[in-house]
Amino acid sequence: DSVGPGKQIKCSLCTKALKKIQELAGDNPDEATVAAALQKGCKRLGRRVGKLCQKLVNKYKDQITEGLENGDMPQDICTALGICQS
């Protein structure tokens, strides 16, 4: 997967989606809070972006949940997933 405009878009989508989910999850989220935020977060991003967000969430649910529970920043989580370049 070469680095190109598509990669940048995925990175900014991932970061945007996780920021929204992190906001919804609050400061000390547990698994249930994160799960609820994952459901709501993608819907708040609009239809097209929401679909991509949902794919991302479905694919990386465990890693995203763990990252948010650990208080990791969205950019760091997306980098750990291999979506963003460090």
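Each remark here, short or long, concerns the structure printed above.
The text that follows walks through the structure, step by step, so that each part is easy to find.

Here is what the cut-offs are and how they apply
- Residues numbered from 1 in each chain as written.
- Predicted model: local features only at pLDDT ≥ 70, side-chain atom pairs only at ≥ 80, totals over all residues.
- Heavy atoms only, no water.
- Helix = DSSP H or I, 4+ residues; strand = E, 2+ residues; numbered from the N terminus.
- Rg over C-alpha atoms; globule rule 2.2 N^0.38 Å.
- Buried < 20%, exposed > 50% of the residue type's maximum accessible area, 1.4 Å probe, protein only.
- Contact = heavy atoms within 4.5 Å.
- Disulfide = S-S within 2.5 Å.

## Quick notes on the overall build of the protein chain
Next, step 1: Secondary structure summary: the protein chain contains four helices and zero strands in total.
Next, step 2: Written out in order from the N terminus, the α and β elements of the protein chain read α-α-α-α.
Next, step 3: Relative to the 2.2 N^0.38 estimate, which gives 12 Å for 86 residues, the radius of gyration of the protein chain is 12 Å and therefore close to what a compact globule would have.
Next, step 4: Considered along the principal axes of its C-alpha atoms, the protein chain spans approximately 35 × 30 × 20 Å.
Next, step 5: In the protein chain, which comprises 86 residues, the share counted as buried stands at 36%.
Next, step 6: Relative to all contacts within the protein chain whose residues are 6 or more apart in sequence, the contacts with residues 24 or more apart total 59%.

## Brief notes about the state of the cysteines
Disulfides are covalent bonds that link the sulfur atoms of two cysteine residues.
Next, step 1: Taken as a whole, this structure holds three disulfides when the rule is applied.
Next, step 2: A sulfur-sulfur separation of 2.0 Å characterises the disulfide bridge that pairs C11 with C84. Around the S-S axis, the bridge from C11 to C84 shows a dihedral of about 105° and counts as right-handed. Of this pair, C11 sits in helix α1 (residues 5-25) while C84 is found in the segment after α4 (74-80), placing the two residues 73 residues apart along the sequence. One exposure class covers both C11 and C84, and it is buried.
Next, step 3: With its sulfur 2.0 Å from that of its partner, C42 forms a disulfide with C53. Disulfide C42 to C53: torsion about the S-S bond roughly -70°, handedness left-handed. Taken together, the residues C42 in helix α2 (residues 31-43) and C53 in helix α3 (residues 47-69) connect sequence positions 11 residues apart. Comparing C42 with C53, the two get one shared label, buried.
Next, step 4: For the protein chain, the bonded cysteines connect in the pattern 1-6, 2-5, 3-4 when numbered consecutively along the sequence.

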